[in-house]
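Here's the letter readout for the chains.
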Amino acid sequence: MSTGSTHDARGAQQLRVARPATLDDALCALREMPGAQLLAGGTDFCVEVSFGSRRPTAVVALRRVEELRGHDIADGHVRIGAGTTYAEMGRGALASTLPALAAAARTVGSPQIRNAGTLGGNVATASPAGDTLPLLVALDARVRVRGAAGERVVALERFVTGVKRTVLAPDEVVVDVVVDRCRGPQEFLKVGTRNAMVIAIASVAVVVDLDARAVRVGLGSVAPVPRRCASAEAHAGEAIDWGRLWASEAALARFGELAAEACSPITDHRSTADYRSHAVAVIARRALERCIRHAT
Amino acid sequence: MKGTVLRSGRGTGEQAGSGIATLPGGLGTLPGGLGDSPDRPDGVQKVRGEFAFASDLWMDAMLWGKTLRSPHVAARVRAIDTSRAVAMPGVRAVLTAADVPGRPTFGLEVPDQPVFASDIVRYHGEPVAAVAADHPELARRAALAIEVDYEPMDAQCDPEAALHAPPIHPDGNLFRHLVIRHGDPSARGDVVVEGSYAVGMQDQAFLGPEAGLAVPGDDGGVDLYVATQWLHVDRAQIAASLGLPVERVRLYLAGVGGAFGGREDVSLQIHLCMLALRTGRPVKMVYARDESFFGHVHRHPARLWYRHHASRSGELVKVEARVVVDGGAYLSSSNAVISNAACFAPGPYRVPNALIDGYAVRTNNPPCGAMRGFGAVQVCFGHEAQMDKLAAALGMDPIELRRRNALTRGDRLVTGQVLTGAVPVREVIDAAVAHPLPPVPAPDAPMLARPGGAGATADASHVRRGVGFAVSFKNIAYSEGFDDYSSARLRLEAGLDGEPTATVTVATAEVGQGFVTLAQQIVRDELGVRRVVLAPASTVDVGSAGSSSASRQTWMSGGALQLACAVLRQELFGRAAELWECGSSQCTSTGSSVRRGDTGERLGIAELLARGPLETEQELHHRPTKALDPDGQGDAHLSFMFAAHRAVVDVDAELGLVRVVQMATGQDVGKALHPLQVQGQIEGGIAQGVGLAVMEEIVLTDGRVRNPSFTDYLLPTILDMPDVVASLVEEPEPGAPYGAKGVGEPPAISSGPAVLAAVRAATGLDLCRAPLRPEDICLGGHPA
């Protein structure tokens, strides 16, 4: 494991940086440098440093940790390493297996940002606007973390506890995210006031599980945490004619309304609570409509 | 009249690529001369990332400066305790208002803005103190260690209310009330339409933040390297506040990463010089993006009310308007902005009767000043929406209504000024309309091309197309009697290899507009000298060039350089005449040599320079303009530029999302001296116009800036930028060097209003605020 440190001009302040090549070394570095902060793609981290809202004294940089890279697509599930970048999520077999994750990844930032930012970073940062989170929560994703005390697996819904808050302990690292595969279409729609490179005002992921004859929906940017919507899911499960895979306009609209009712959005400088709720109703309806249309 | 069609595209297919036509003859046919599009001298460096911008300035042993700014919108400063900051090791100076050696205030028109707030802060982000330290992080911490005891006060953030509120500054809350009364104010038309409109606060958002390096001089003066728009006016303000004679304050232009008006006002200049003089060491300062949002003025937000009267046949009878612009806490150039807003309030139309009230008001919002379009942008949103309303009321085609009322040579403005120059309003309208409309995308076209873009929110069935039109005009150069001039120094000598070499020394701020290229073209064309070197711009070697603003430098600095060329050409003739022993009236120029008329003999410029270098400095003052009288009447302006824009938009009305598909434009340019740079100005200006129409706004809550970052102050990306199809209308402007008009501002004026018109057409909603917000379309809008 390589460690380095930098000094400011006067040598008074020291920033310690560990660049481990293995997960064990990363955990070791976290133990050795209490208070050390994890750095993955840096697309949130470095912005916060620039703004002065994050002042790390020690950093464990995860880019070189091979165990965090890559993904496995198995019969029943998909395992995605925490170090997988948005660019990697947006292409290849991973994209064809989880098309809504790919769609979400493709809405993130610019190509440069997508080459740097990671799934683990998105999950651990736990921003309400985290673009992969609505789909992951809809897919009942499990987050595997490892720390000094060993490994544990936490459902994403319990992993994220509030705005940028998680159950990740200071000595733990997100290792990967696992989702069960399900047969059927899935969609991710995101509203922003610019056609690219924009933080979500509202986003919706809809997954249609043809085998379970169930619909699952995840909402982003409209609550402190990525949120499911049981009432909309139940409504869709009943309202869809699973034989023909069809639903009435009214049923689709009702699905959108129920999704919007599950929101507790805020008004801020990016948008208003009313618009966020309205947008969720529209894009939830459109997402389900698109899923059904694509499946036929 | 000639027309040149420029076409550019982001997409694929017919719109893509560029078929840039160069001028068919006309001006000089010399390669690299006028009318050609030679490469910029700084182009390769900029593209390769090797150009030194002001933020790259460096000097051994330099200190780093940092400004402490008010977190309050309005507060009394009860006490400032700098002792903790001063005591920090590595901190070399901590300065406040008490340390300003000269005039405590600065300002472009009137010095009403404190260098540092002393007793009262009047806006969020107002400078209170500055620090110089060994390291930028240390400077930042030292600034935070300064303890300021503020007593928050009630803020006045509404311009209408501020007009009647207690003064928030000794100079009062009304900067200027300008009334224009023209013709018969009691005239009435058969058809009357009325409307109210609003425009938000746009930022110039230049990509290179404010930066400079001040170096103390041996003479007690200071050398300042800085990115600015007008070196000499900065110098005057700095010297006054330093209490130094102007000769001891020397400014040098550092690499400028865009300006758009935002560098007209002093930002870090005085602070830097004070820190350098106090510490006796070089001091560098670079604003981060968030500080840049607080460190420069913005485009004035505006509220507009209009009532248009017309005859049944569609002739404008009268325009009534009330224009209120929010100048923020300090004056900056608000007086000139409201003058433009009032003068151009009717748009480029023949209006026999007018009653226009313009107010520029002081509030506790961030100071507003110059930005590309300068007062003409805001009112264009109003007058163009009114023209559409009027067309609807008359049952007329909106373009035909505009053509019918279009200004033409010999017409009077509402200020009484008779238009004597080129006024090709109908021509720019026709040129914009002549471009083919873009095809409607196929249902299976990529989602990226729909409103919502990467978010994939719209299916083809959710998208409605709209087409909108807008026309605008604006003045060139400074108005209302200002003695506007520019200086240029030119030296001709034989280079070491004997080749004639011209050195151009101008204080003209190259802010990206390409004056450096134009200067070379002018000298090549005028004197046939191919090697043209540009000396650094400074206050040391040459007189003022005026500001790189108001679309004026091609005319003003270009004209001064043309004068200098003419003087040196005469001197070359004189030398030739002496050798030939003939009168210099016998001499003519033939590119790179001088010809004797009666014998046909020739002498090369190189031979003539063998006797030594030639040098001159010339000043060009444009034709004097006049102040406006109490009725707002007078020949206040030098010349005018006209442009028309047709926007095609796709709208997802249910989500309120817009994609601008195409912008077609006809622009009056007089003469295109560098067609490629004209194209660059048109595309860049349209990007800013589109930005103001659909996303760019500094969001304020009770005077507090909510989005001082590029995360939240959204600028158009390439996916937001429409295809641009442009026609240049070339009708030489009498009195303008080479007949050329400025081209920088018009693309940013009517492009935004055209987008709003297109969205209104697509949705049927009466949208009257820019920028459009999604909720205005899908939740707040009401049918027109």
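Residues numbered from 1 in each chain as written. Chains lettered and ligands numbered in written order. Predicted model: local features only at pLDDT ≥ 70, side-chain atom pairs only at ≥ 80, totals over all residues. Heavy atoms only, no water.

A look at the overall build of chain B
Next, step 1: Summing up its helical and strand segments, chain B has 17 helices and 34 strands in all.
Next, step 2: On C-alpha atoms alone, chain B measures out to a radius of gyration of 27 Å, which is about the 28 Å that the 2.2 N^0.38 rule sets for 784 residues.
Next, step 3: When the backbone C-alpha atoms are referred to their principal axes, chain B occupies close to 80 × 75 × 60 Å.
Next, step 4: A sequence separation of at least 24 residues applies to 80% of the contacts in chain B between residues at least 6 apart.
Next, step 5: Carbon and sulfur atoms make up 53% of the accessible area of chain B, which totals about 26,200 Å².
Next, step 6: Counting 70 positive and 89 negative side-chain charges, chain B places the averaged centre of each group 1 Å from the other. (Helix = DSSP H or I, 4+ residues; strand = E, 2+ residues; numbered from the N terminus. Rg over C-alpha atoms; globule rule 2.2 N^0.38 Å. Contact = heavy atoms within 4.5 Å. Areas by Shrake-Rupley, 256 points an atom, 1.4 Å probe, with all protein chains shown as cover. Lys, Arg positive; Asp, Glu negative; His and termini not counted. Charge placed at Lys NZ, Arg CZ, Asp CG, Glu CD.)

Concerning the interface of chain A and chain B
Next, step 1: With 35 residues of chain A in contact, the opposing surface of chain B contributes 44 residues.
Next, step 2: Here chain A and chain B share an interface that buries about 3,200 Å² over both sides, 53% of which is from carbon and sulfur atoms.
Next, step 3: Sorting the residues of chain A by area buried against chain B places R194(A), N195(A) and R286(A) first, and these three jointly supply 24% of that buried surface.
Next, step 4: Summed over the shared surface of chain A and chain B, the result is 7 salt bridges.
Next, step 5: Scanning the region where chain A abuts chain B turns up 21 residue pairs in polar contact (both at pLDDT 80 or more).
Next, step 6: Going through the elements one at a time, strand 12 (186–191) and helix 12 (273–295) of chain A are the ones with two or more residues in the side of chain A that touches chain B.
Next, step 7: Looking at which element gives the most residues to the side of chain A that touches chain B, the answer is helix 12 of chain A, with 10 residues. (Buried area = accessible area lost by both parts, 1.4 Å probe. Salt bridge = Lys/Arg side-chain N within 4 Å of Asp/Glu carboxyl O. Polar contact = N/O pair within 3.5 Å; in protein donor to acceptor, adjacent residues only side chain to side chain.)

Here we look at the pattern of salt bridges
Next, step 1: All chains considered together, the criterion is met by 74 salt bridges over all chains.
Next, step 2: In this structure, the salt-bridge partner of D223(B) is R250(B), at a minimum N-O distance of 3.0 Å. Taken as a pair, D223(B) in strand 13 (residues 222–226) and R250(B) in strand 14 (residues 249–253) lie far apart in primary sequence, 27 residues in all. Neither D223(B) nor R250(B) differs from the other in exposure class; each is buried.
Next, step 3: Each member of the salt-bridge network shares a partner with another, and the members are D24(A), D72(A), R79(A), R144(A), R146(A), E151(A) and D176(A). (Buried < 20%, exposed > 50% of the residue type's maximum accessible area, 1.4 Å probe, protein only.)

Side note on the confidence of the model for chain A
Next, step 1: Across chain A, the average pLDDT comes to 94, with 95% of residues at or above 70.
Next, step 2: Confidence drops under a pLDDT of 50 for residues 1–11 of chain A, and excluding neighbours within four residues, the segment shows 31 contacts in the predicted structure. (pLDDT = per-residue confidence, 0-100.)

Details of helix 11 (residues 425–434) of chain B
Side chains three or four residues apart in an α-helix point the same way, a direct result of the helix having 3.6 residues per turn.
Residue and element names in this part refer to chain B.
Next, step 1: Those residues of helix 11 that fall on the buried side of the exposure criterion are V425, V428, I429, A431 and A432. Buried positions in helix 11, seen along its axis, are confined to an arc of 165 degrees and lie on one side of it.
Next, step 2: Check the buried side of helix 11 and you find it contacts helix 10 (398–405), strand 21 (463–476), strand 29 (639–652), strand 30 (657–668) and strand 33 (723–730). (Arc of directions from axis to C-beta.)

Some details on the pairing of strand 26 (residues 593–596) of chain B
Residues and elements named next belong to chain B.
Next, step 1: Where strand 25 (residues 587–589) and strand 26 come together, 3 bridges link them in antiparallel fashion. Paired with T588 across the two strands is R595, which belongs to strand 26.
Next, step 2: Counting the residues in the hairpin turn of strand 25 and strand 26 gives 3 residues, including G591, whose phi is positive at 75 degrees.
Next, step 3: Relative to strand 27 (residues 602–604), strand 26 runs antiparallel, the two being bridged by 3 bridges. The partner of R595 across the bridge, within strand 27, is R602. (Pairing = 2+ DSSP bridges.)

Quick look at helix 12 (residues 515–527) of chain B
Residue and element names in this part refer to chain B.
Next, step 1: Counted at 1.5 Å a residue, the expected span for helix 12 with its 13 residues is 18 Å, and the 18 Å between its end C-alpha atoms agrees.
Next, step 2: The buried fraction of helix 12 amounts to 12 of the 13 residues, a majority that puts the element mostly inside the structure.
Next, step 3: Those residues of helix 12 not exposed but buried are F515, V516, T517, L518, A519, Q520, Q521, I522, V523, R524, E526 and L527.
Next, step 4: Against the buried residues of helix 12 lie strand 22 (485–494), strand 23 (500–505), strand 24 (531–534), helix 13 (553–580), helix 14 (605–609) and helix 15 (675–694).
Next, step 5: Directly beyond the C-terminal end of helix 12, a positive phi value near 70 degrees is found at G528. (Expected span 1.5 Å × (residues − 1).)

Things to note about the packing of helix 15 of chain B against helix 16 (residues 751–763) of chain B
Packed helices, taken two at a time, are described by the angle their axes make and the gap between the axes.
All names here are of chain B.
Next, step 1: Relative to each other, helix 15 and helix 16 sit at 45 degrees, their axes nearing to 7 Å. Comparing their axes, helix 16 and helix 15 come out oblique. Where helix 15 crosses over helix 16, the two elements pack in a sense that is right-handed. Between helix 15 and helix 16, the contacting residues are G685, I686, G689, V690, A693 and V694 on the first element and S751, G752, V755 and L756 on the second.
Next, step 2: For the contact of helix 15 with helix 16, the per-class residue count stands at 6 nonpolar, 4 polar and no charged. (Axes fitted to C-alpha atoms, helices over the stretch in contact; angles between N-to-C directions. Parallel < 35°, antiparallel > 145°, perpendicular 65-115°, else oblique. Left-handed = near helix turned anticlockwise from the far one by under 90°. Nonpolar A, V, L, I, M, F, W, Y, C, P; charged D, E, K, R; others polar.)

Some words on the state of the cysteines
Next, step 1: Enumeration according to the criterion identifies 0 disulfides over all chains in this entry.
Next, step 2: Counting only cysteine sulfurs, C229(A) is the nearest neighbor of C263(A), a cysteine outside any disulfide, at a range of 7.7 Å.
Next, step 3: For C263(A), a relative accessible area of 11% gives the class buried.
Next, step 4: Sulfur of C380(B): no disulfide; nearest cysteine sulfur belongs to C343(B) and is 15 Å away.
Next, step 5: Classification of C380(B) by relative accessible area gives buried; the value is 0%. (Disulfide = S-S within 2.5 Å.)

So, the confidence of the model for chain B
Next, step 1: Considering every residue of chain B, the mean pLDDT works out to 95; 96% of them sit at 70 or more.
Next, step 2: Segment residues 7–27 of chain B: pLDDT under 50, and 49 contacts once partners within four positions in sequence are set aside and those in other chains are kept.

Observations regarding the domain arrangement of chain B
Residue and element names in this part refer to chain B.
Next, step 1: When cut into domains, chain B gives domain 1 (54–154 + 213–258 + 263–282) and domain 2 (485–621).
Next, step 2: Between domain 1 and domain 2, the C-alpha centre-to-centre distance is 39 Å.
Next, step 3: Taken together, the contacts link 14 residues of domain 1 with 17 residues of domain 2.
Next, step 4: Approximately 1,200 Å² of surface area, both sides summed, lies buried where domain 1 meets domain 2, with 59% of it carried by carbon and sulfur atoms.
Next, step 5: Among the residues of domain 1 in contact with domain 2, Q229, W230 and H232 are the three that bury the most area, contributing 43% of the side total.
Next, step 6: The tally of links from domain 1 across to domain 2 stands at 0 salt bridges.
Next, step 7: The tally of links between domain 1 and domain 2 comes to 8 residue pairs in polar contact (both at pLDDT 80 or more). (Domains from an automatic or database assignment.)

Some remarks on the sheet that holds strand 3 (residues 75–81) of chain B
All names here are of chain B.
Next, step 1: Across the sheet, 3 strands lie side by side as 7-3-9; this open sheet has antiparallel pairing. The strands lining the two open edges of the sheet, one partner per strand, are strand 7 (120–121) and strand 9 (147–152).
Next, step 2: As judged from the 6 bridges shared by strand 3 and strand 9, these two strands associate in the antiparallel manner. Bridging from a neighbouring strand, V77 pairs with Y150 of strand 9.

Let's talk about the domain arrangement of chain A
Residues and elements named next belong to chain A.
Next, step 1: One can read the domain layout of chain A as domain 1 (2–61), domain 2 (68–180) and domain 3 (186–295).
Next, step 2: The centre of domain 2, based on its C-alpha atoms, is set 20 Å off from the matching centre of domain 3.
Next, step 3: Across the boundary between the two partners, domain 2 contributes 24 residues, which contact 22 residues of domain 3.
Next, step 4: Its largest share of buried area at the contact with domain 3, domain 2 owes to P128, P134 and A138, together 26% of the area lost on that side.
Next, step 5: Our count for the domain 2 to domain 3 interface comes out at 3 salt bridges.
Next, step 6: K190 is the salt-bridge partner of D131, the closest N and O atoms lying 3.0 Å from each other.
Next, step 7: Across the domain 2-domain 3 interface, the total number found is 8 residue pairs in polar contact (both at pLDDT 80 or more).
Next, step 8: Listing elements by their share of the side of domain 2 that touches domain 3, those giving two or more residues are helix 5 (99–106), helix 8 (133–138) and strand 9 (160–162).

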